[in-house]
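Chain by chain, the residues run as shown.
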Amino acid sequence: QNSSPTVNPSIVIGIARAALDVALSFAMGRRLKEGHITDQQAIQHMIADLTTDLEAASLLRWRAAAMHDNGEHPVKESSQAKLYATEKATHICGTLLRLLGAYGTYEQVPISDYFTSCKTLELGSGASEIHRNNIAREVLREYEKRFNSGDLFRWAQTDDQKAILELNERSAKI
């Protein structure tokens, strides 16, 4: 087992960032009749989505790492980081490969290698289904604690607004 639950997410996040650097350097230099390819709204939306996915993966990784560093056993958070980072990094590299078209397959351009590396790490960090099982199991454990404490049942049964707010505050602390 890794000493840190964030090794594979860190690797694929770094690969996806490198792929983004290569692809955007190319795209910013590519001219169309009307300007650069990056002036196109569809390309801008793609860039926004890919960078948002990358940032979300990074935040999930940092959360799992912080919990691990604090002596916790972040099973759910580690699985979330691994699942999201590996799947999104593979998606990012695949999307950028399509953006570059044939240029992305040239030997001098590492995007296809980045895609292969991400896919390999996606498979190597454990099947996505196993991570989904881990996440669901831990979420259900958390909700079972809340259910057994009576908070979930009372939440569903009360019409009193003040009681609902108090239960909401208490369940956020569990």
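Please refer to the structure placed before this passage.
Throughout what follows, the structure given in this document is the object of discussion. (Residues numbered from 1 in each chain as written. Predicted model: local features only at pLDDT ≥ 70, side-chain atom pairs only at ≥ 80, totals over all residues. Heavy atoms only, no water.)

Thoughts on the overall build of the protein
Okay, so step 1: Within the protein one finds 7 helices and 2 strands.
Okay, so step 2: The C-alpha radius of gyration computed for the protein amounts to 21 Å, which surpasses the reference 16 Å derived for 174 residues by more than 25%, pointing to a less compact arrangement than a globule.
Okay, so step 3: Taken along its principal axes, the extent of the C-alpha atoms in the protein is 65 × 40 × 25 Å.
Okay, so step 4: Within the protein, the fraction of its 174 residues that count as buried is 38%.
Okay, so step 5: Expressed as a percentage of contacts within the protein between residues at least 6 apart in sequence, the contacts between residues at least 24 apart total 67%.
Okay, so step 6: Counting only carbon and sulfur atoms, one obtains 53% of the accessible surface of the protein, whose full area is about 10,700 Å².
Okay, so step 7: Each charge class in the protein can be summarised by its mean position, and for the 20 positive and 22 negative side chains these summaries are 1 Å apart. (Helix = DSSP H or I, 4+ residues; strand = E, 2+ residues; numbered from the N terminus. Rg over C-alpha atoms; globule rule 2.2 N^0.38 Å. Buried < 20%, exposed > 50% of the residue type's maximum accessible area, 1.4 Å probe, protein only. Contact = heavy atoms within 4.5 Å. Areas by Shrake-Rupley, 256 points an atom, 1.4 Å probe, with all protein chains shown as cover. Lys, Arg positive; Asp, Glu negative; His and termini not counted. Charge placed at Lys NZ, Arg CZ, Asp CG, Glu CD.)

As for helix α2 (residues 41-69)
Okay, so step 1: With 29 residues, α2 should reach 42 Å at 1.5 Å per residue; the first-to-last C-alpha distance of 42 Å fits that figure.
Okay, so step 2: If you check which residues of α2 are buried, you get Ile-43, Met-46, Leu-50, Asp-53, Leu-54, Ala-57, Ser-58, Arg-61, Ala-64, Ala-65 and Met-67.
Okay, so step 3: Along its buried surface, α2 packs onto α1 (7-29) and α3 (75-100).
Okay, so step 4: Directly beyond the C-terminal end of α2, a positive phi value near 85° is found at Gly-71. (Expected span 1.5 Å × (residues − 1).)

Considering the pattern of salt bridges
Okay, so step 1: Taken as a whole and judged by the stated rule, the model has 8 salt bridges.
Okay, so step 2: One salt bridge connects Glu-87 with Arg-132, and the closest N-O pair in it is separated by 3.2 Å. A residue pair is termed long-range when its members are at least 10 positions apart, and Glu-87 in helix α3 and Arg-132 in helix α5 (residues 128-148) qualify at 45 residues.
Okay, so step 3: Glu-87 gets classed as partly exposed once you look at its relative accessible area, which sits at 26%.
Okay, so step 4: Residue Arg-141 pairs with Glu-138 through a salt bridge whose shortest N-O separation is 2.8 Å. Taken together, the residues Arg-141 and Glu-138, both in helix α5 and 3 residues apart, mark about one turn of the helix.
Okay, so step 5: With a relative accessible area of 43%, Arg-141 lands in the partly exposed category.
Okay, so step 6: One continuous salt-bridge network, built from bridges that share partners, spans Arg-63, Lys-76, Glu-77 and Glu-142. (Salt bridge = Lys/Arg side-chain N within 4 Å of Asp/Glu carboxyl O.)

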